[in-house]
Amino acid sequence: MDLKEVMAINLRRIRHGKHLTQEELADLSGLSARYIGKIERADTSASVTVLGQLADALGVEPAALVTKSG
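Remember, it's a predicted structure, so these values are computed and weren't measured experimentally.

## A few points about the overall build of the protein chain
A count of helices and strands for the protein chain gives 5 helices and 0 strands. In the protein chain, the succession of α and β elements from N to C terminus is α-α-α-α-α. In terms of C-alpha radius of gyration, the protein chain reaches 11 Å, essentially the compact-globule figure of 11 Å for 70 residues. On the principal axes, the C-alpha backbone points of the protein chain span a range of 30 × 20 × 20 Å. Looking at the protein chain as a whole, 34% of its 70 residues are labelled buried.

## Regarding the side chain of Glu-40
Tracing the backbone shows Glu-40 in helix α3 (residues 33-40). A distance of 2.9 Å separates a polar atom in the side chain of Glu-40 from a polar atom in the side chain of Gln-22. When sequence neighbours within four positions are dropped, the list of residues in contact with Glu-40 reads Ala-8, Leu-11, Arg-12, Arg-15 and Gln-22.

## So, the side chain of Ser-29
Take Ser-29: it is sitting in helix α2 (residues 22-29). Judged by relative accessible area, Ser-29 falls into the buried class, the value being 8%. Within the structure, Ser-29 has its side chain in polar contact with the backbone oxygen of Leu-25 (distance 2.8 Å). A polar contact is formed between the side chain of Ser-29 and the backbone nitrogen of Leu-31, at a distance of 3.4 Å.

## Re the nonpolar core
Generally speaking, nonpolar side chains in soluble globular proteins are found buried as a group. Within the largest apolar cluster, 16 residues are counted, with the highest numbers of intra-cluster contacts made by Leu-11, Leu-25, Ile-36, Leu-54, Leu-58 and Leu-65. Contributions of two or more residues to this core are made by α1 (3-17), α2, α3 and α4 (48-58). No other element matches the 6 residues that α4 contributes to this core. With near-sequence residues (within four places) excluded, Leu-58 lies in contact with Leu-11, Ile-14, Arg-15, Lys-18, Leu-20, Leu-25 and Leu-65.

## Some thoughts on the packing of α1 against α3
The N-to-C vectors of α1 and α3 enclose an angle of 120°; their axes lie 7 Å apart at closest approach. Between α1 and α3, the angle falls in the class oblique. Side by side, α1 and α3 meet where Met-7, Ala-8, Leu-11, Arg-12 and Arg-15 of the first sit next to Ile-36, Ile-39 and Glu-40 of the second. The residue makeup of the contact of α1 with α3, split by class, is 5 nonpolar, no polar and 3 charged.

Rules of the game
- Residues numbered from 1 in each chain as written.
- Predicted model: local features only at pLDDT ≥ 70, side-chain atom pairs only at ≥ 80, totals over all residues.
- Heavy atoms only, no water.
- Helix = DSSP H or I, 4+ residues; strand = E, 2+ residues; numbered from the N terminus.
- Rg over C-alpha atoms; globule rule 2.2 N^0.38 Å.
- Buried < 20%, exposed > 50% of the residue type's maximum accessible area, 1.4 Å probe, protein only.
- Polar contact = N/O pair within 3.5 Å; in protein donor to acceptor, adjacent residues only side chain to side chain.
- Contact = heavy atoms within 4.5 Å.
- Core = buried A, V, L, I, M, F, W, Y, C linked by side-chain atoms within 4.5 Å.
- Axes fitted to C-alpha atoms, helices over the stretch in contact; angles between N-to-C directions.
- Parallel < 35°, antiparallel > 145°, perpendicular 65-115°, else oblique.
- Nonpolar A, V, L, I, M, F, W, Y, C, P; charged D, E, K, R; others polar.

See below:
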């Protein structure tokens, strides 16, 4: 599993855990819901800047989005 897929899984899991829609996360992060959907489907790689924006919006450390769970 590549890092793009790891981030997709973690982003979706954390977002669902906080009961946020893609649209709500988009509003919090300043990104588009369409772009968040692409990241969650592992269709695109997020830049370090986007990783930071998503982590801030979700209230987690950036590492939580890219760490492979056992």
